[in-house]
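One-letter residues, chain by chain:
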Protein chains: 2
Amino acid sequence: MAEVGSVDVLIIGAGPAGLALANWFRNSTIRVLLVDKKPGPTTRGQAEGLKSTTNEIFETFGIGAKIAAESWRLEEIAIWGTRKDGGAGIEREQVIQDKVDELGKIRETMLQQSRVEHHMLQNLLPHSNIQIQYGTMPAPVKIDTALSDESETDAYPVVVTLTGVTSDEETDGCCSMLTSSLQDFYGNGTNEEEHIRAKYIVGCDGARSWLRKQLNVTLEGDLTDSVFGVVDIVPKTNFPDIRRVCYLRADTGTILLVPRSNKEVRLYIPVESGSALPDPKDLTFERIMDAARRIISPYKLEAGSVTWWSAYRVGQRVGSHFSRHGERAFLVGDAVHTHSPKAGQGMNTSIQDAYNLGWKLRLVLQNHIQSNAAAAQTLLRTYESERRPVALDLIAFDRGYLKLFAAPSAKFDTEFLRAMKFTTGLSTRYPPSCAVQLPAGVASPADLGPSLLKADLVPGKRLPEFQVVYQADGTTTRIHARLQATGAFRLLVFAGDIVGQKQLREKLERLGAQLAAPGPEGLGELTSTPGGDADISVVARVETLLVHCAERDKVELLSLPAVFRPWSEMEGYDYWRVFADADSAYEGHGHVYERLEIEREVGRAVVVRPDGYVGAVLEVDDFEGVKGYFKGLGMLP
Amino acid sequence: MAEVGSVDVLIIGAGPAGLALANWFRNSTIRVLLVDKKPGPTTRGQAEGLKSTTNEIFETFGIGAKIAAESWRLEEIAIWGTRKDGGAGIEREQVIQDKVDELGKIRETMLQQSRVEHHMLQNLLPHSNIQIQYGTMPAPVKIDTALSDESETDAYPVVVTLTGVTSDEETDGCCSMLTSSLQDFYGNGTNEEEHIRAKYIVGCDGARSWLRKQLNVTLEGDLTDSVFGVVDIVPKTNFPDIRRVCYLRADTGTILLVPRSNKEVRLYIPVESGSALPDPKDLTFERIMDAARRIISPYKLEAGSVTWWSAYRVGQRVGSHFSRHGERAFLVGDAVHTHSPKAGQGMNTSIQDAYNLGWKLRLVLQNHIQSNAAAAQTLLRTYESERRPVALDLIAFDRGYLKLFAAPSAKFDTEFLRAMKFTTGLSTRYPPSCAVQLPAGVASPADLGPSLLKADLVPGKRLPEFQVVYQADGTTTRIHARLQATGAFRLLVFAGDIVGQKQLREKLERLGAQLAAPGPEGLGELTSTPGGDADISVVARVETLLVHCAERDKVELLSLPAVFRPWSEMEGYDYWRVFADADSAYEGHGHVYERLEIEREVGRAVVVRPDGYVGAVLEVDDFEGVKGYFKGLGMLP
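Residues numbered from 1 in each chain as written. Chains lettered and ligands numbered in written order. Predicted model: local features only at pLDDT ≥ 70, side-chain atom pairs only at ≥ 80, totals over all residues. Heavy atoms only, no water.

- Naming follows an unreviewed UniProt entry, where chain A appears as FAD binding domain-containing protein of Cercophora scortea.
- Of chain A, the UniProt comment under Sequence similarities (unreviewed entry) reads exactly: "Belongs to the PheA/TfdB FAD monooxygenase family." (UniProt positions renumbered as here; feature names shortened; annotations may be inferred.)

Here you go:
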């Protein structure tokens, strides 16, 4: 590693957050170094639940199918309580489906953290611009505080000293052996010190974050009274719902039971304040199991084998800042927020934090923010303004979740559905900013009228998932799987019924010409791919996509405006930018216009950010509105 | 490799057939050696279409999802003909869906042969009992003909001399470099000769099979008059249906156009006898393209890049024998049948041949045929009696397919649907044998009455695919994905409405007790897994599965007979053997009883062979019938 004197992005920590961040820089010339004090990839991690929004992220990295193939599904939740007839022991009260209807797909799957990390890591291997160095940690207090004065994009204000870690210092849950083919890729930590300069540094280094301390960021909040015992076991039990998520509420305490891969099961056993076991240090595996056995009685419960167990006091804290030093240093995931693991939010939120930051860094480092350096910093500042409120919401949710756990069943259904929506991320809405723009004359999201905006198609919310049919070959795709993490924005033109409505066809022709036109009047600079350029990092900054709802048979792809089927001298037309809202051979009809409440005779244009969030919602032919969005962001002068 | 003096199975050829065969021996102690004269895995192959039955095979190998994730789907077929108004050029006549309704899933996907081989090869890596040696070929005429006299299962009647191939002899389409980690696994071909003894030898060595010649097996049939030009190109074209399968029929000739991965397209251009280009040797790429351009006119067609092209005369021939020497030597795939590539049947049929043979060899080599050596040979003989008729049907189909290609459109739809069913394998029915048993008193499949057997649930046909819901957790599975290729038979008990029908519940209890009972009266020897045995090859010879159609909420898994939820001291109960024919959260209702025409008040028991074909169809409580099947096969005395 001696030859690496400088990188564009230095990422501290190669866990879920760091690996997700690094995945944003595939197919680019941005130089990225991940360092991790562990001697190699983890072979085990405690996290396992993957929310649908996280799975969508994996799809945009091109590893969604691989992860889905290994994942387990959980679809039922059983509620157990004390017996109604007053007898001893518990009985099943009800079984509910773990499902949010408007999501239209699986809400949550299970895959252990080490396999998730494995797939994200493998996805980096072909990309020589991204390097990982295990067994390495930054030496304390060597980060150069002068970085705060720099504002030029091309400066390297971060200076860090890296040192090797001898592998016996930190081997918990890590493999200490690397296969020879991986060694080439990873590089070895040495005991020599080396200095490295970086344009940006990102701390993905977990709850005891080194970078957080360097940046003097404090965690605000408290350790709670809640002490949890957690065990991962292969149970030997006659409890009938062992393969369902279960809430067991007995007089003697409560258990949250979550099936994991194969026959393994996780039990969370909260030990409230005032109980006989207030200090986590006093908890042993057998005492936790004894408590569990008292709750699950009259059923039997033994551990056939034990994979992991722990006891801890829940801290619910959020960092005072998510970025420092003029947006040159960032904190991601557990490094800036801690909470209970019960809602399965840790790994998901960490990955989603990283996903929010990555495209912004890529955009800035590729010099796509052209107006001035301040615009770049303004964009990077939205990382904190968008993600810190999510962390605060998560803490608030986490507090309520403990109470929900003990609530009477009557309220449970509706409360639980609300919780499921929250944990799935469906209620997240980022505030207005340069990247989330409201229509002219609208001051706040609350002022958005129903005439322009449907509740789910709102600037700042995630583009709702939907299924469309490719015009070219009749196969289907879900939209987020199509929106690969290339760093490109997308203009999604819902052109309406372009066969039945002549005026819509005319609007489309006009918009198509404007989008393709070169020079300051048009948007050609952003929508066109420099042809024949060998630089793999060059993709169009804005990819133009069309979703019509006309009869598919009556639309000929090659008659549509050229911007939606660009020509390449090497490969002919691009056939995969035009979609129909139509029936399919195997997956039914997506009913996109209906789901998004877009009128078929009116249409709509939507700017989608590289991370799949809605940047702006516009009239179908509002070309000036489209330009205005990219001007506001600094991508146009 | 000098230390390998003997193996159980010697496989000649590590293409799709050889790799599929080897996959049957995972998780066993059977010693397998694949040898291939190629210096390493192929990086390219011409085959690409995967039929649903082949994809089901990959699912049973545990690699279905990985292959599906990389595959492309083809769902529409466009028919083009000369213009009806008498003008020059072609016009679109119709577009039909590439779909067989009763299949209930995708009929065909596309993935290039080298990736298919890659996944099958990777799947072997963890299994040290299976070795691959590239750059190695058997020396001619050294196979010991004495093998025909041996009949003991434990004998090694095959003796072959292996020699190394210098890599410049045969490098077409192969990678000559192996990564270091793969080197360990593959072994290197040396130029030294080595002698190897084997119990069985299988020729998966393609159309110019070495083993076929050694065995004096002749190919019967003819080279046809049909000369084909085939090109794989990335087209630059304004032809609108370039991403659909197209049949183009112009006055100047015909083209079959098949989209491949990404933007690549394959064109088949048959040149009939009497044309100006009768000899394949006279065909050049440009002459083929010129012919294609004349047919596709008025549309333009250029090759942006050319991946592969060829010209050849179609041979339609089938081997006189599929096995020789007392079923000690076998021929699989292209080694015993050749035909035109147009129906996309080559790779599929090769894999399906291997899939038919593999479990039979495994059963015999694990000494599960206990009655006598003759019974083992009788089972192995069914490889030829089951697969040779399929090859003959394929040749007959192939002849008709050329005609269909030129047939008028009116007949095309129904003929084409029939062709799709044939090529999907839905019309295959193996004849009665020790492994395909008809009910007592029924002499031929034609005599099967509707009272006992539904058309698709017939001994000798593939178990129809269906979806069920796991009783334990409410998730779904398709049945073939559940029937992993472990070598186990399955007894599928369609127990009916065991809540509403008391007599069905009683029948189930009785059957469950009989299936679990030890000794000569019961079937415990076959249905139980020797507990705590460290030998990974030990699985129950017959896995007992239950599909009920009662209200799922009213069935408690642990109240069912123990044989359907066996207990393990290490892991507790097996939760994944009981299914409900019920609605699911995300995939709807499988309607299994309706699809298979099993009466809910009557039920049915089905013996499913390790390869997913129906071995016997019985009354739901016909325990003697179940025993009779395994007696007939030689697995019970």
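Structure's up, so let's keep going.
**Some remarks on the relation of the copies chain B and chain A**
So, step 1. Overlaying chain B with chain A gives an RMSD of 0.0 Å, the required rotation being 180° about an axis along which the chain moves by 0.0 Å. Such values leave the two copies arranged in the relation of a two-fold axis.
So, step 2. Most of the interface of chain B is mirrored in chain A, where 100% of its interface residues are also at the interface. (Least-squares fit on C-alpha atoms with pLDDT ≥ 70 in both. Contact = heavy atoms within 4.5 Å.)

**A word on the packing of helix H1 (residues 16-23) of chain A against helix H4 (residues 113-122) of chain A**
Residues and elements named next belong to chain A.
So, step 1. The contact between H1 and H4 brings their axes to 9 Å, and the two run at 20°. One element, H1, and the other, H4, form an angle in the roughly parallel class. Here H1 and H4 pass one another in a crossing that is left-handed. Here H1 contributes Pro16, Leu19, Ala20 and Asn23 to the contact with H4, which in turn contributes Gln113, Glu117, Met120 and Leu121.
So, step 2. When the residues that make up the contact of H1 with H4 are grouped by side-chain class, the tally is 5 nonpolar, 2 polar and 1 charged. (Axes fitted to C-alpha atoms, helices over the stretch in contact; angles between N-to-C directions. Helix = DSSP H or I, 4+ residues; strand = E, 2+ residues; numbered from the N terminus. Parallel < 35°, antiparallel > 145°, perpendicular 65-115°, else oblique. Left-handed = near helix turned anticlockwise from the far one by under 90°. Nonpolar A, V, L, I, M, F, W, Y, C, P; charged D, E, K, R; others polar.)

**Description of the pattern of salt bridges**
Residues and elements named next belong to chain A.
So, step 1. Taken as a whole and assessed by the stated rule, the structure comprises 82 salt bridges over all chains.
So, step 2. Where Arg244 meets Glu76, a salt bridge forms, and the shortest distance between an N and an O atom there is 2.9 Å. Within this pair, whereas Arg244 is found in the loop between strand S12 (219-237) and strand S13 (245-250), its partner Glu76 is found in strand S5 (residues 76-82), the two being separated by 168 residues in sequence. Here the two residues Arg244 and Glu76 agree in accessibility, since each one is buried.
So, step 3. For Glu327, the salt bridge is made with Arg381, and the minimal N-O distance between the two is 3.7 Å. Taken together, the residues span a long stretch of sequence, with Glu327 in the loop between strand S17 (323-324) and strand S18 (329-331) and Arg381 in helix H9 (residues 373-406) at a distance of 54 residues. (Salt bridge = Lys/Arg side-chain N within 4 Å of Asp/Glu carboxyl O. Buried < 20%, exposed > 50% of the residue type's maximum accessible area, 1.4 Å probe, protein only.)

**Brief notes about the interface of chain B and chain A**
So, step 1. Of the residues lining the interface, 48 residues belong to chain B; the matching set on chain A comes to 48 residues.
So, step 2. The largest per-residue losses of area from chain B upon contact with chain A belong to Lys236, Lys263 and Tyr586 of chain B, which jointly make up 17% of the total buried on that side.
So, step 3. Of the charged contacts in the structure, one is a salt bridge between Lys236 of chain B and Glu569 of chain A, with a shortest N-O distance of 2.9 Å.
So, step 4. Between chain B and chain A we count 16 residue pairs in polar contact (both at pLDDT 80 or more) in total.
So, step 5. Listing elements by their share of the side of chain B that touches chain A, those giving two or more residues are helix H3 (64-70), strand S4 (72-73), strand S6 (90-97), helix H5 (180-186), strand S12 (219-237), strand S16 (301-319) and strand S25 (572-573) of chain B.
So, step 6. Counting residues per element, the side of chain B that touches chain A draws most heavily on S12 of chain B, at 4 residues.
So, step 7. Per-class residue counts for the side of chain B that touches chain A are 17 nonpolar, 12 polar and 19 charged. (Buried area = accessible area lost by both parts, 1.4 Å probe. Polar contact = N/O pair within 3.5 Å; in protein donor to acceptor, adjacent residues only side chain to side chain.)

**A closer look at the sheet that holds strand S27 (residues 604-608) of chain A**
Residue and element names in this part refer to chain A.
So, step 1. An order of S21-S20-S26-S23-S22-S27-S28 is seen for the 7 strands of this open sheet, with the pairing classed as mixed. Among the strands making up the open sheet, the edge pair consists of strand S21 (476-478) and strand S28 (614-618). Strand-to-strand twist across the sheet, computed as the mean angle between neighbouring axes with direction ignored, equals 30°.
So, step 2. Along the sheet face, helix H12 (residues 502-516) touches strand S22 (489-496) and strand S23 (542-548) and points at about 160° away from the line of S22. (Pairing = 2+ DSSP bridges.)

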